[in-house]
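Single-letter residue listing:
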Amino acid sequence: MANKIICIAREFGSGGHEIAVLTAARLGIRVYEKDLFRLACRYGELSEKMMEPADERATNPFLFRTVHEGNYHVARGLPTSEVLFQLQSHEIRRIAGRESCIFVGRCADRVLENEPVELIRVFVRAPVEQRIQRKMQQESLSREKAARLVHKMDRQRKKYYETYAGRAWGSPDGYDLYIDTGVTSFDEAVDSICAHYQSRAAQPLPV
């Protein structure tokens, strides 16, 4: 039977990470987020310090570093962002073939769309002012710094997704569930995702 995979994309400060963790606990499955970065570096035998600036970032055509280290899994000579995307995609497919789980970000919905899994695509958003206030509280930032951070991270995630997934980031018609935490509590969001997950009949693997 096919594994059921929840892919959560999220605006910065919307609570997507927290919702993923709560949903995973409710369903008794794992959530993969930063773990994918570490697993990808291990798979390619690359330095995490060298690759960290490329995590969930598209290549800057005017300023980028190419990769010449690592093992035979690494496409040498490509920008760090492209190498990391390839390695993370391998790990996403490997994990999805092994277990039902949740992936946060990393274009997992696009990576898995032709794989023999049951995909549930989720986008989590919230009004920008609410996200700014949340980051002010979480990271003890001034409003100005929190606003800059929110806008910067949204631009970064949008560019990353649209570069590697080739489709609009955050467009409602691209997701099975579109959750606005400005009007929906985290618990209600988890309820919705779990209900959707449990309603999906497990599909047999293609012959």
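See the structure above.
What you see is a predicted model; the values in this text were computed from it and never measured.

Caption draft 1: Examining the packing of helix α2 (residues 34-44) against helix α4 (residues 80-98) more closely. For the pair α2 and α4, interaxial distance at closest approach is 8 Å and the crossing angle is 105°. Taken together, the axis directions place α2 and α4 in an arrangement best described as roughly perpendicular. In contact with L36, F37, L39, A40, Y43 and G44 of α2, α4 contributes L84, L87, Q88, H90, E91, I92, R94 and I95. Considered class by class, the residues forming the contact of α2 with α4 number 9 nonpolar, 3 polar and 2 charged.

Caption draft 2: Examining helix α8 (residues 186-199) more closely. Its 14 residues place the ends of α8 20 Å apart at the C-alpha level, agreeing with the 20 Å of an ideal helix rising 1.5 Å per residue. Of the residues making up α8, those classed as buried are A189, V190, I193, C194 and Y197. Projected onto a plane normal to the axis of α8, the buried residues spread over an arc of 125° and lie on a single side. Among the exposed residues of α8, those oriented more than 90 degrees off its buried face are D187, Q198 and S199. The secondary structure elements touched by the buried residues of α8 are β1 (4-10), α1 (16-27), β4 (118-125) and β5 (177-180).

Caption draft 3: Layout of the sheet that holds strand β3 (residues 101-104). Strand order in the open sheet formed by 5 strands is β2-β3-β1-β4-β5, and the pairing between neighbours is parallel. Here the strands that pair on one side only, and so sit at the sheet edges, are β2 (30-32) and β5. Here the average twist between neighbouring strands, direction ignored, is 20°. Sheet topology places β2 next to β3; 3 bridges connect them, and they run parallel. Bridging across to β3, Y32 finds its partner in F103. Strand contacts of α1: β1, β2, β3 and β4, with the helix running at about 160° to β1, the strand carrying the most contacts. Here α2 sits on the sheet and contacts β2 and β3; the angle it forms with β2, its principal contact strand, is near 70°.

Caption draft 4: Expanded view of the packing of α1 against α8. Where α1 contacts α8, the two axes come as close as 9 Å, and the packing angle between them is 50°. If you check the angle between α1 and α8, you find them oblique. Between α1 and α8 the crossing geometry is right-handed. Residues E18, I19, L22, T23, R26 and L27 of α1 touch α8, and the partners they reach there are F186, D187, A189, V190, D191, I193, C194, Y197 and Q198. Taken together, the residues that form the contact of α1 with α8 break down as 9 nonpolar, 2 polar and 4 charged.

The rules behind the values
- Residues numbered from 1 in each chain as written.
- Predicted model: local features only at pLDDT ≥ 70, side-chain atom pairs only at ≥ 80, totals over all residues.
- Heavy atoms only, no water.
- Axes fitted to C-alpha atoms, helices over the stretch in contact; angles between N-to-C directions.
- Helix = DSSP H or I, 4+ residues; strand = E, 2+ residues; numbered from the N terminus.
- Parallel < 35°, antiparallel > 145°, perpendicular 65-115°, else oblique.
- Contact = heavy atoms within 4.5 Å.
- Nonpolar A, V, L, I, M, F, W, Y, C, P; charged D, E, K, R; others polar.
- Expected span 1.5 Å × (residues − 1).
- Buried < 20%, exposed > 50% of the residue type's maximum accessible area, 1.4 Å probe, protein only.
- Arc of directions from axis to C-beta.
- Pairing = 2+ DSSP bridges.
- Left-handed = near helix turned anticlockwise from the far one by under 90°.

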